[in-house]
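Residues per chain are reported as follows:
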Amino acid sequence: MAHVPLFHNNDPHAHHHSIKKTRHAKRAAKWLPEHAHVEGWLDELVRQTSGVVAKYDKGEISLSPPMQRFHDAVMNDPVLRMYFEEMIQQPVVGKPYRAASAPFNTVSELMVAMDFAIKLGPRYDDTALVGCPLNAVLDYCSATPAGFAAFRDQRVNALIRDVLKEWCKFLSSPESCIVLDNSKSGWLSEHAKASINLDWFEHDPSKPNHGYTSWNDFFTRKFKEGMRPIASPEDDKL
């Protein structure tokens, strides 16, 4: 997806007056880029999924099984439904987004975006990597009072676990190899290969996707023999 350059929101009145100021969330391990890039990525995602949302609301299509269970569980429970309806309306706390609230207008839009995200492999980008698309989809919502309450709920955590298992299945499938190409955002482009030192790892350029059978196969690639020797191979303590 294209990254749209957006500006941070510097308006001190953007957040609700009753919410105490909190420190900004950190981007540990760079699994998410700066907020402006996440915002642009989400705007593009919402644009791409708008037609799917319309069909879903009309009952013409279903979500993947774990996401359909997620949606049904939320909409059939008054407390969870309240949490999810409020988290897309409440102002974001502690994150310098330009927009005050999430880019989703309905719970269906959020659920469709989540469903779309678990069918994506991480794309290479040397400036704004969205390493975990589902995290990006939920980044706004989890930074609201309702989102904080929802994602502490054991029922929601169980549903999220099933969704992540579905994403793992995709990342272990041949379909996930779509990101293992030599395009600008592909992990086998010359720039990407140099960035990750692919020459250190086992691969075969003569084979499709350099011999990797899935994203997970690529992500857990093996070092070439002797590339990382053990100092004392006879010492079991190492």
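Remember, it's a predicted structure, so these values are computed and weren't measured experimentally.

Visitor: With reference to specific residues and values, describe the packing of aromatic side chains.
Guide: All chains considered together, the criterion is met by 10 aromatic pairs. Summarising the aromatic geometry, the rings of Tyr-212 and Phe-218 are spaced 5.3 Å apart at their centres and angled 80 degrees between planes, so their arrangement reads as edge-to-face. Taking relative accessible area as the criterion, Tyr-212 reaches 6% and is therefore assigned buried. Measuring from ring centre to ring centre gives 5.5 Å for Trp-215 and Phe-218, while their planes differ by 50 degrees; the resulting arrangement is tilted.

Visitor: Could you give an account of the packing of helix 3 (residues 78-87) against helix 4 (residues 107-117), with specific residues and numbers?
Guide: One can describe the packing of helix 3 onto helix 4 by two numbers: an axis separation of 9 Å at closest approach and a directional angle of 85 degrees. For the element pair helix 3 / helix 4, the angle class is roughly perpendicular. Note on element contacts: helix 4 touches helix 3 through Val-107, Leu-110 and Met-111, opposite Phe-84, Glu-85 and Met-87. Classifying every residue of the contact of helix 3 with helix 4 by side-chain character gives 5 nonpolar, no polar and 1 charged.

Visitor: Requested: an account of the confidence of the model for the chain, with residues and values cited.
Guide: Mean pLDDT over the chain: 84, with 84% of residues reaching 70 or higher. Across residues 1-29, where pLDDT falls below 50, the model places 55 contacts with residues more than four positions away in sequence or in other chains.

Visitor: How would you explain the pattern of salt bridges if you had to name every residue and give the values?
Guide: A side chain of one charge can pair with a side chain of the opposite charge when the charged atoms of the two come close. Applying the stated rule across the entire model yields 10 salt bridges. Between Asp-115 and Lys-119 there is a salt bridge, with the nearest N and O atoms lying 3.0 Å from each other. The class for Asp-115 is buried, based on a relative accessible area of 6%. A salt bridge links Lys-193 to Glu-190, with the nearest nitrogen and oxygen atoms 3.1 Å apart. Of this pair, Lys-193 and Glu-190 are both found in helix 8 (residues 190-195), 3 residues apart, which corresponds to roughly one turn of the helix. Assessed through its relative accessible area of 61%, Glu-190 is described here as exposed.

Visitor: Quick rundown of the side chain of Thr-49? Include the residues and the values.
Guide: Within the element layout of this structure, Thr-49 appears in helix 1 (residues 35-57). When its relative accessible area of 3% is taken as the criterion, Thr-49 is described as buried. Not counting the four nearest positions on each side in its chain, Thr-49 is found in contact with Val-112 and Phe-116.

Visitor: With reference to specific residues and values, describe helix 7 (residues 154-171).
Guide: Between its first and last C-alpha atoms helix 7 spans 26 Å; for 18 residues at 1.5 Å apiece the expected length is 26 Å, and the two agree. Regarding helix 7, the residues found buried are Val-156, Leu-159, Ile-160, Val-163, Trp-167, Phe-170 and Leu-171. The arc that holds the buried residues of helix 7, viewed along the axis, is 130 degrees, so those residues lie on one side. Facing away from the buried side of helix 7 by more than 90 degrees, the exposed set consists of Gln-154, Lys-165 and Lys-169. On its buried side, helix 7 packs onto helix 2 (65-76), helix 3, helix 4, helix 5 (133-139), helix 6 (145-150) and helix 9 (215-219).

Visitor: Help me get a handle on the environment of Val-156, residues and values and all.
Guide: When you line up the elements, Val-156 lands in helix 7. C-alpha separation for the pair Val-156 and Leu-80, spaced 76 residues apart in sequence, amounts to 8.2 Å. With sequence-adjacent residues up to four places away left out, Val-156 is seen in contact with Phe-70, Leu-80, Phe-84, Ala-150 and Phe-151.

Visitor: Outline the side chain of Lys-193, supporting the account with residue identities and numerical values.
Guide: Here Glu-190 takes part through its side chain, which lies 3.1 Å from a polar atom of the side chain of Lys-193. Not counting the four nearest positions on each side in its chain, Lys-193 is found in contact with Trp-187, Leu-188, Leu-198 and His-210.

Visitor: I'd like a description of unusual backbone geometry, backed by residues and values.
Guide: Of note, the phi angle at Asn-197 is positive, near 55 degrees, even though the residue is not glycine. If you trace the backbone, Asn-197 turns up in the loop between helix 8 and helix 9. For Asn-197, a relative accessible area of 30% corresponds to the partly exposed category. If you check the backbone angles, His-210 has positive phi at about 55 degrees while not being a glycine. Following the sequence through the fold, His-210 ends up in the loop between helix 8 and helix 9.

What counts, and where the lines are drawn
- Residues numbered from 1 in each chain as written.
- Predicted model: local features only at pLDDT ≥ 70, side-chain atom pairs only at ≥ 80, totals over all residues.
- Heavy atoms only, no water.
- Phe/Tyr/Trp six-rings, centres within 6.5 Å; stacked < 30°, edge-to-face > 60°.
- Buried < 20%, exposed > 50% of the residue type's maximum accessible area, 1.4 Å probe, protein only.
- Axes fitted to C-alpha atoms, helices over the stretch in contact; angles between N-to-C directions.
- Helix = DSSP H or I, 4+ residues; strand = E, 2+ residues; numbered from the N terminus.
- Parallel < 35°, antiparallel > 145°, perpendicular 65-115°, else oblique.
- Contact = heavy atoms within 4.5 Å.
- Nonpolar A, V, L, I, M, F, W, Y, C, P; charged D, E, K, R; others polar.
- pLDDT = per-residue confidence, 0-100.
- Salt bridge = Lys/Arg side-chain N within 4 Å of Asp/Glu carboxyl O.
- Expected span 1.5 Å × (residues − 1).
- Arc of directions from axis to C-beta.
- Polar contact = N/O pair within 3.5 Å; in protein donor to acceptor, adjacent residues only side chain to side chain.

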